[in-house]
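# Summary of structural features
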Amino acid sequence: MRKKLTKEILEEWLENVRPFAYDGQVADYIPALSKQDPEDLAVSIYYLDGECIHAGKVENCFTLQSISKVIALALALIDNGEDYVFGRVGMEPTGDPFHSIYRLEQHRPSKPLNPMINAGALAVSNMIRGVTPDEKVGRLLSFIHEMTDDHSISFSREVASSEFETAFLNRSLLYYLKQHKVVTGSVEETLDAYTKQCSIELNVRHLSKIGALFANEGKDLHSGRQIIPKHFARICKTFMVTCGMYDASGAFAIKVGIPAKSGVSGGVLGSVNGFGGIAVYGPALDTKGNSVVGLKLIEMLSNRYDLSIF
Ligand code: DON
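Here the structure is a predicted model, which means the values were calculated and not measured.

### A short note on the pattern of salt bridges
Enumeration over the complete set of coordinates arrives at 17 salt bridges. The residue Asp-96 makes a salt bridge to Arg-103 at a minimum N-O spacing of 2.6 Å. You can call Arg-103 partly exposed: its relative accessible area is 29%. Residue Asp-192 is joined to Lys-196 by a salt bridge in which the shortest nitrogen-to-oxygen separation is 3.2 Å. Here Asp-192 pairs with Lys-196, and both are found in helix α8 (residues 187-198), just four residues apart, close to one helical turn. Using a relative accessible area of 10% as the deciding quantity, one classes Lys-196 as buried. What emerges from the salt-bridge pattern is a single network uniting Lys-4, Asp-49 and Glu-51.

Structure below.
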């Protein structure tokens, strides 16, 4: 087990990174997200022994956005197995922005390069078992309830419909994927499931607990129950390293070295074997769509406590 930090240190460090809250922009391409306050900052660390320390606005809920891609991938793997999932989505990083359409045309048969970019995540959502979008999202929520032991977690209807009404690029990706038989069924229903998935709301404590579960080889920290098969937890963490921060993943791996996944709401999830889960919330984003405060704080933690997995 690596060395632990105290709550006081975490509070001090959060104050140290507060000036960066205005170094980026809050996402506004999903109109409902533009209401977020750049100064609503929070951080939580969930250790493998079950201890959780946090600082900032810990009770504030935010939407998962792209962080949901890792959780949806774990569920799609459980539902369908590895061969099926990776028959439709690749395993390679892109070096492109998260919503890029460009590479889809470069591969035959067409296949999104990985499950962390939007094209791949839309295909993964489509693979989650369930006849209706609500059934798929309901299963994803139950999975999250199991991981966090909080059955009150749900999704924001406001954020989901705000994205659904304006997601023209994601619709284009889906129509392209439908044409090439990567996704099946209704495009609008898949987009409905995906936007609800991205709008699942939780706080940093929940998210750090999920990170700890991934770090604990998919087992619940308290009951020891295997919620995600070890091999699938490992696949998810590997994607977090290679593609979790999009076209900033290489620099992040070198500077920070923690499997991590960001979302445009400003959340970042980290998972370190032998240590636990880390979650940061800071809504201002850099140009690549990653939380400025989230990156700073995780980098500080990693350097100070030698958390790089490399
Ligand atoms: O599909 C979208 O554009 C959003 N629902 C999620 C994108 C996202 O979080 C990218 N991450 N940094």
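### What to know about helix α7 (residues 168-179)
Its 12 residues give α7 an end-to-end C-alpha distance of 16 Å, which sits within 8% of 16 Å, the value for a rise of 1.5 Å per residue. Within α7 the residues assigned to the buried category are Asn-170, Arg-171, Leu-173, Leu-174, Tyr-176 and Leu-177. Looking at the packing, one finds that the buried side of α7 touches α4 (118-127), α6 (157-166) and α8. In the segment just after α7, Lys-181 is the residue with positive phi, at about 60°.

### Comments concerning the packing of helix α2 (residues 68-80) against α4
Remark: α2 packs on α4, axes separated minimally by 9 Å, with the N-to-C direction vectors making an angle of 45°. By the angle between their directions, the pair α2 and α4 is classed as oblique. Helix-helix and strand crossings are classified by hand; for α2 and α4 the assignment is left-handed. Contacts between α2 and α4 pair Lys-69, Ala-72, Leu-73, Ala-76 and Asn-80 from the former with Asn-118, Ala-121, Val-124 and Met-127 from the latter. Residue composition of the contact of α2 with α4, by class: six nonpolar, two polar and one charged.

### Some points on the site of the ligand
Near the ligand, the surroundings consist of 15 residues, among which Tyr-29, Gln-65, Ser-66, Glu-163 and Tyr-194 are the closest. For the ligand, an oxygen atom lies 2.9 Å from a polar atom in the side chain of Asn-170. In the complex, 99% of the free accessible area of the ligand, which totals 340 Å², lies under the protein chains. When residues are assigned to domains, the shell around the ligand turns out to be shared by domain 1 (7-65 + 202-305) and domain 2 (68-198), each giving three or more.

### Observations concerning the UniProt feature "binding site: substrate" (unreviewed entry) in the chain
This chain's UniProt record puts "binding site: substrate" (unreviewed entry) on Ser-66, Asn-118, Glu-163, Asn-170, Tyr-194, Tyr-246 and Val-264. Structurally, the position occupied by Asn-118 is in helix α4. Once residues lying within four places of it in the same chain are set aside, the contact partners of Asn-118 are Ser-66, Lys-69, Phe-98, His-99, Asn-170, Leu-173 and Tyr-194. By secondary structure assignment, the location of Val-264 is in the loop between β6 (260-262) and β7 (267-272). If sequence neighbours within four positions are ignored, Val-264 has contacts with Ala-27, Tyr-29, Leu-33, Gln-36, Gln-65, Phe-98, Leu-285 and Gly-289.

### Digging into the domain arrangement of the chain
In terms of domain boundaries, the chain breaks down into domain 1 (7-65 + 202-305) and domain 2 (68-198). The gap between the C-alpha centroids of domain 1 and domain 2 is 21 Å. Counting residues at the interface gives 33 residues for domain 1 and 37 residues for domain 2. Both faces combined, the contact of domain 1 with domain 2 buries some 3100 Å², and carbon together with sulfur accounts for 72% of it. Here domain 1 and domain 2 share two salt bridges between them. A salt bridge links Lys-35 to Glu-158; the nearest nitrogen and oxygen atoms lie 2.4 Å apart. Breaking the side of domain 1 that touches domain 2 down by element, the ones donating at least two residues are α9 (204-215) and α10 (230-243). A total of eight residues in the side of domain 1 that touches domain 2 trace back to one element, the largest contributor, which is α10. The residue inventory of the side of domain 1 that touches domain 2, partitioned by class, reads 21 nonpolar, five polar and seven charged.

### Some points on the packing of aromatic side chains
A complete count under the given rule lists six aromatic pairs for this structure. An angle of 50° between the planes, with centres 6.0 Å apart, marks the rings of Trp-13 and Tyr-305 as tilted. Residue Trp-13 is located in helix α1 (residues 7-17), and its partner Tyr-305 is located in helix α12 (residues 292-305); the two are separated by 292 residues in the primary sequence. The exposure class of Tyr-305 is buried, given its relative accessible area of 7%. Where Phe-86 meets Phe-239, the ring centres are 5.9 Å apart and the plane angle is 35°; that geometry is what we call tilted. Remark: Phe-239 occurs in helix α10 and Phe-86 occurs in helix α3 (residues 82-88); sequence separation between them is 153 residues. For the cation-ring pair, Lys-4 lies above Tyr-47, with the distance from its terminal atom to the ring centre recorded as 5.1 Å. Stacked on the ring of Tyr-84, the Lys or Arg Arg-88 has its end atom at 3.8 Å from the ring centre.

Procedures and definitions
Residues numbered from 1 in each chain as written. Predicted model: local features only at pLDDT ≥ 70, side-chain atom pairs only at ≥ 80, totals over all residues. Heavy atoms only, no water. Salt bridge = Lys/Arg side-chain N within 4 Å of Asp/Glu carboxyl O. Buried < 20%, exposed > 50% of the residue type's maximum accessible area, 1.4 Å probe, protein only. Helix = DSSP H or I, 4+ residues; strand = E, 2+ residues; numbered from the N terminus. Expected span 1.5 Å × (residues − 1). Contact = heavy atoms within 4.5 Å. Axes fitted to C-alpha atoms, helices over the stretch in contact; angles between N-to-C directions. Parallel < 35°, antiparallel > 145°, perpendicular 65-115°, else oblique. Left-handed = near helix turned anticlockwise from the far one by under 90°. Nonpolar A, V, L, I, M, F, W, Y, C, P; charged D, E, K, R; others polar. Near = heavy atom within 4 Å. Polar contact = N/O pair within 3.5 Å; in protein donor to acceptor, adjacent residues only side chain to side chain. Areas by Shrake-Rupley, 256 points an atom, 1.4 Å probe, with all protein chains shown as cover. Domains from an automatic or database assignment. UniProt positions renumbered as here; feature names shortened; annotations may be inferred. Buried area = accessible area lost by both parts, 1.4 Å probe. Phe/Tyr/Trp six-rings, centres within 6.5 Å; stacked < 30°, edge-to-face > 60°. Lys NZ or Arg CZ within 6 Å of the ring centre and 35° of its normal.

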